[in-house]
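Reading the structure
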Amino acid sequence: MKIAILPGDGIGTEIVAEAVKVLNVLDLKFETESALVGGAAYEAHGHPLPESTLKLAKEADAVLFGAVGDWKYDKLDRPLRPEQAILGLRKNLGLFANFRPAICYEQLVGASSLKPELIAGLDILIIRELTGDIYFGQPRGRRTAVDGHFPGTEEAFDTMRYSRPEVERIAHVAFQAARKRSKRVTSVDKANVLETFQFWKDIVTEVGQQYPDVELDHMYVDNAAMQLVKAPKKFDVVVTGNMFGDILSDEAAMLTGSIGMLPSASLNSSNQGLYEPSHGSAPDIAGKGIANPLATILSAAMMLRFSLNQAEAADRIESAVKSVLAAGLRTVDIYSEGTTKVSTREMGDAVVAAITKTTIKG
Ligand code: NAD
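This text gives an overview of the structure that appears in the document.

Rules and cut-offs
- Residues numbered from 1 in each chain as written.
- Predicted model: local features only at pLDDT ≥ 70, side-chain atom pairs only at ≥ 80, totals over all residues.
- Heavy atoms only, no water.
- Core = buried A, V, L, I, M, F, W, Y, C linked by side-chain atoms within 4.5 Å.
- Buried < 20%, exposed > 50% of the residue type's maximum accessible area, 1.4 Å probe, protein only.
- Domains from an automatic or database assignment.
- Contact = heavy atoms within 4.5 Å.
- Helix = DSSP H or I, 4+ residues; strand = E, 2+ residues; numbered from the N terminus.
- Polar contact = N/O pair within 3.5 Å; in protein donor to acceptor, adjacent residues only side chain to side chain.
- Pairing = 2+ DSSP bridges.
- Patch = residues over 30% accessible without salt bridge, like charges linked within 9 Å, V, L, I, M, F, W, Y side chains within 5 Å.
- Areas by Shrake-Rupley, 256 points an atom, 1.4 Å probe, with all protein chains shown as cover.
- Salt bridge = Lys/Arg side-chain N within 4 Å of Asp/Glu carboxyl O.
- Right-handed = clockwise from strand over helix to strand, strands pointing away.
- Near = heavy atom within 4 Å.
- Nonpolar A, V, L, I, M, F, W, Y, C, P; charged D, E, K, R; others polar.
- Phe/Tyr/Trp six-rings, centres within 6.5 Å; stacked < 30°, edge-to-face > 60°.
- Lys NZ or Arg CZ within 6 Å of the ring centre and 35° of its normal.
- Axes fitted to C-alpha atoms, helices over the stretch in contact; angles between N-to-C directions.

1. Topic: the nonpolar core
In summary, soluble globular proteins display a tendency toward joint burial of nonpolar side chains. If you look at the biggest cluster of nonpolar residues, it comprises 86 residues, and the most contacted ones within it are Phe99 and Ile127. When residues of this core are assigned to domains, at least three fall in each of domain 1 (1-96 + 269-362) and domain 2 (98-267). Excluding its chain neighbours within four sequence positions, the residues that come into contact with Phe99 are Leu125, Ile126, Ile127, Val173, Ala177, Pro263, Ser264, Ala265, Leu267, Met302 and Phe306.

As structure tokens, this is what we get:
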């Protein structure tokens, strides 16, 4: 097994170091190789995703990614900005399925802006299609309008499109994931208005017939946005397109109240994946040693489960995280009165200690 370690920028280097520390105590056989990505790679090689980094990512079984970006790069031409590295990796590795679990840990119920009874025990999985839809559809651009409400004026346009195989493969991913959970899929669309999403809905329904044991329902995206804050526990697996998924997965993430806790996985058809926290490089707290490393540590657990076939090791990491939270340890983003404030490194050390304890106990 080979893991490419791409820490990136800002807090990326701090949180990935803790995740690597956790992986190293698991007594698994794997090789790791690190490379620069994002702003750090731009500084060293003049490009946010140098050929050598891309080659390493392609050859590895999995990529553990920190975060990229800093305000200081906002004036660069778009292709040279750190965030382009993520898009380049998704495209080149064919990472079409994005998994974003939103789990509310018992000890962090108070961190959500929703009432505790609405989110206690929340455990939903948003599956977002990641390489199609209006984000990638061509043509796109600016031109002079020839029709519409204001012909002859400047206009901008994008193209929303999905092909049958793109919808089929993400639908299969969702039904298979649901089989490992409580066997319910909600497909989110806008079939009442958009041709693309009537097509989406028809195909998801067709694929669903191959999974008679999984309950499928459909919901319009506006209603889904509402239901996520009204009764989030009604959902189990949610599958949707790239743009709706972008928005709904952030909404679902914030239900738990703590972006520093949320892992994510992006997979291709051979289960090779890129694993990263759902948050960014947090330049405002970078270098202070206070970032929460748990989202990255939990991303490493997802990596073990999905790409490296090490479900037991993944369970051990997840249990260790629960136990450090139960012991009252908190980084500043999840701190509340009566708990113990710890640094990034102390949190990583505590997870390592909890794993070592489980190992000794067997
Ligand atoms: P952000 O997620 O980096 O930060 C938002 C807020 O959450 C900040 O106040 C930050 O301090 C806090 N935060 C984030 N992660 C935290 C953690 N682990 N522990 C404690 N607090 C945490 O989003 P932003 O500020 O909008 O963006 C900062 C940079 O990150 C930008 O350059 C943006 O483009 C980039 N970004 C990168 C990715 C990625 O690499 N996948 C994703 C989102 C944003």
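Text resumes after the structure shown.
2. What to know about the side chain of Ser249
Inspection of the secondary structure puts Ser249 in helix α9 (residues 242-255). Of the polar contacts made by the side chain of Ser249, one reaches the backbone oxygen of Gly245; its length is 2.7 Å. Excluding anything up to four places from it in sequence, Ser249 contacts Arg100 and Ile126.

3. Describing the pairing of strand β5 (residues 123-129)
With six of its seven residues buried, β5 lies for the most part within the structure. Where β5 and strand β10 (residues 237-240) come together, four bridges link them in parallel fashion. Looking across to β10, one finds that Ile126 is bridged to Val238.

4. Let's talk about a nonpolar patch on the surface
Together, Leu87, Tyr135 and Phe136 give the surface a local cluster of nonpolar side chains, amounting to about 230 Å² of exposed area. Its location among the elements puts Tyr135 in the loop between β5 and β6 (141-144). Judged by relative accessible area, which is 32%, Tyr135 ranks as partly exposed.

5. A word on unusual backbone geometry
Following Gln138, the chain continues into Pro139 via a peptide bond in cis, with omega recorded as 0°. Counting through the fold element by element, Pro139 comes out in the loop between β5 and β6. Its identity as a non-glycine residue notwithstanding, Asp133 has a phi of 75°, on the positive side. Following the sequence through the fold, Asp133 ends up in the loop between β5 and β6. Overall, Asp133 belongs to the buried group, its relative accessible area being 1%. Positive phi, normally seen in glycine, also occurs at Ala282, with a value near 40°. Looking at the element boundaries, Ala282 is found in the loop between β12 (273-277) and α10 (294-306).

6. So, the pairing of strand β2 (residues 31-34)
Consecutive side chains of a regular strand alternate in pointing toward one face of the sheet and then the other. Where strand β1 (residues 2-8) lies against β2, four bridges are found, and the strand directions are parallel. For Ile5, the partnering residue across the bridge sits in β2 and is Ser34. Regarding topology, helix α1 (residues 12-24) serves as the crossover connection from β1 to the parallel β2, and that connection is right-handed.

7. Quick word on the site of the ligand
What surrounds the ligand is a group of 20 residues, the closest being Glu83, Gly280, Ala282, Asp284 and Asn292. Ser281 has a polar backbone atom sitting 3.1 Å from an oxygen atom of the ligand. Ala282 places a main-chain nitrogen or oxygen 2.8 Å from an oxygen atom of the ligand. A total of 810 Å² of accessible area belongs to the ligand in isolation, and the protein chains cover 71% of it. Of the residues assigned to the shell around the ligand, the class counts are nine nonpolar, six polar and five charged.

8. With respect to the packing of aromatic side chains
Counted according to the given criterion, the structure contains seven aromatic pairs. Here Tyr162 and Trp200 contribute two aromatic rings whose centre-to-centre distance is 5.3 Å and whose plane-to-plane angle is 50°, an arrangement assigned as tilted. Remark: Trp200 occurs in helix α7 (residues 195-208) and Tyr162 occurs in the loop between β7 (154-157) and α6 (164-179); sequence separation between them is 38 residues. The buried category is assigned to Tyr162, whose relative accessible area is 8%. A relative accessible area of 0% places Trp200 in the buried class. With centroids separated by 5.0 Å and ring planes inclined at 15°, the aromatic side chains of Phe175 and Tyr211 adopt a geometry described as stacked. Taken together, the residues span a long stretch of sequence, with Phe175 in helix α6 and Tyr211 in the loop between α7 and β9 (215-220) at a distance of 36 residues. On the basis of relative accessibility, which here comes to 5%, the residue Tyr211 falls in the buried class. Between the NZ or CZ atom of Arg169 and the centre of the ring of Phe96, over which it lies, the distance is 4.0 Å. Directly above the ring of Tyr335 sits Lys341, whose terminal nitrogen or CZ lies 4.7 Å from the centroid.

9. Comments concerning the sheet that holds β1
Strand order in the open sheet formed by 10 strands is β2-β1-β3-β12-β11-β4-β5-β10-β8-β9, and the pairing between neighbours is mixed. The open sheet has two free edges, formed respectively by β2 and β9, since each of these has just one partner strand. With strand direction ignored, the average angle separating the axes of adjacent strands in the sheet is 20°. The sheet contact formed by strand β11 (residues 263-267) and β12 spans five bridges and is antiparallel. In the strand pairing of β12, Ser264 is matched with Glu276. The strands touched by α1 within the sheet are β1, β3 (62-67) and β12, with β1 carrying the most contacts at an inclination of about 155°. With respect to the sheet, α9 is in contact with β4 (97-103), β5, β8 (184-189) and β10, its orientation differing from that of β5 by roughly 155°.

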